[in-house]
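Structure at a glance
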Amino acid sequence: MAHSATQSHARFSLPGLIASIAASVYGALISVAEAQSRVRQVEFLQSLSDEELKKRGLSRERIVHRVFSDSIWL
């Protein structure tokens, strides 16, 4: 009976590592930019009067929910 062992070593790829790091940094920057935009939107809506919010069909308590409803569950 013959035995054989096969070992496969993952090769280190510097270009692959750099691409992976760059993709992660890019993704993080996109997330930060989107969050800043949403925060500005919340600040704008909070600056409106209760009557202006009512005209938009929104209450002050629901501003954050409305702005972030597609990205988090509240």
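See the structure above.
Position labels on residues start from 1 in each chain and follow its written sequence. In keeping with the predicted nature of the model, local features appear solely for residues at pLDDT of at least 70, side-chain atom pairs appear and are counted solely at 80 or more, and the whole-chain, interface and lining totals rest on all residues. Side-chain measures here rest on the full set of heavy atoms in the structure, leaving out hydrogens and waters.

**Here we look at the overall build of the chain**
- Along the backbone of the chain there are three helices and zero strands.
- Only DSSP runs of H or I with at least four residues qualify as helices, and only runs of E with at least two residues qualify as strands; both kinds are numbered from the N terminus onward. The secondary structure elements of the chain, listed N-terminal to C-terminal, are α-α-α.
- Relative accessible area decides the class of each residue, using a 1.4 Å probe on protein chains only: under 20% of the type maximum gives buried, over 50% gives exposed, and in between gives partly exposed. Of all 74 residues assigned to the chain, the portion counted as buried reaches 12%.

**Focus: the nonpolar core**
- Note on terminology: a nonpolar core comprises buried Ala, Val, Leu, Ile, Met, Phe, Trp, Tyr and Cys residues joined through side-chain atoms within 4.5 Å. Within the largest apolar cluster, eight residues are counted, these being Val42, Leu45, Leu48, Leu53, Leu58, Ile63, Val67 and Phe68.
- Only helix 1 (14–47) and helix 3 (63–68) provide two or more residues apiece to this core.
- The greatest single-element share of this core, amounting to three residues, is contributed by helix 3.
- In what follows, a contact means two residues having at least one pair of non-hydrogen atoms within 4.5 Å. Setting aside residues no more than four positions away along its own chain, Leu45 makes contact with Leu53, Arg56, Leu58, Arg60, Ile63 and Val67.

**What to know about the environment of Gln46**
- Relative to the elements of secondary structure, Gln46 occurs in helix 1.
- Owing to a relative accessible area of 46%, Gln46 belongs among the partly exposed residues under this scheme.
- Between the C-alpha atom of Gln46 and that of Glu61, which follows or precedes it by 15 residues, the distance is 9.7 Å.
- Setting aside its immediate chain neighbours within four residues, Gln46 contacts Arg60 and Ile63.

**A short note on helix 1**
- Expected helix span is given by 1.5 Å per residue-to-residue step, counting one fewer step than there are residues. Taking 1.5 Å per residue, 34 residues should reach 50 Å; helix 1 reaches 50 Å between its end C-alpha atoms and fits that length.
- Buried residues of helix 1: Arg38, Val42 and Leu45, and no others.
- Contacts from the buried residues of helix 1 go to helix 2 (50–55) and helix 3.
- Under this definition, polar contacts are N or O atom pairs within 3.5 Å; protein pairs additionally need one hydrogen-donor-capable and one acceptor-capable atom, and for neighbouring residues in sequence, both atoms have to be side-chain atoms. Structurally, the start of helix 1 carries an N-cap: the backbone nitrogen of Gly16 is 3.1 Å from a side-chain oxygen of Ser13.

**Section: a nonpolar patch on the surface**
- Taken together, the side chains of Phe12, Leu14, Leu17, Ile18, Ile21, Val25 and Leu29 make up a nonpolar region of the molecular surface, amounting to roughly 720 Å² of accessible area.
- Of note, Val25 is situated in helix 1.
- Residue classification places Val25 among the partly exposed residues on the basis of a relative accessible area of 46%. Patches here: salt-bridge-free residues with over 30% relative accessible area, like charges joined within 9 Å, nonpolar side chains (Val, Leu, Ile, Met, Phe, Trp, Tyr) joined within 5 Å. Per-residue and other accessible areas were derived by the Shrake-Rupley procedure at a 1.4 Å probe size, with only the shown protein chains allowed to occlude residues. By salt bridge we mean one thing: a side-chain nitrogen of Lys or Arg within 4 Å of a carboxyl oxygen of Asp or Glu.

**Topic: the pattern of salt bridges**
- Going through the model one piece at a time under the given rule, you end up with two salt bridges.
- The shortest N-O distance in the salt bridge between Asp70 and Arg38 comes to 2.8 Å. One end of the pair, Asp70, is in the segment after helix 3; the other, Arg38, is in helix 1, with 32 residues separating them in the sequence.
- Arg60 is the salt-bridge partner of Asp50, the closest N and O atoms lying 2.7 Å from each other.

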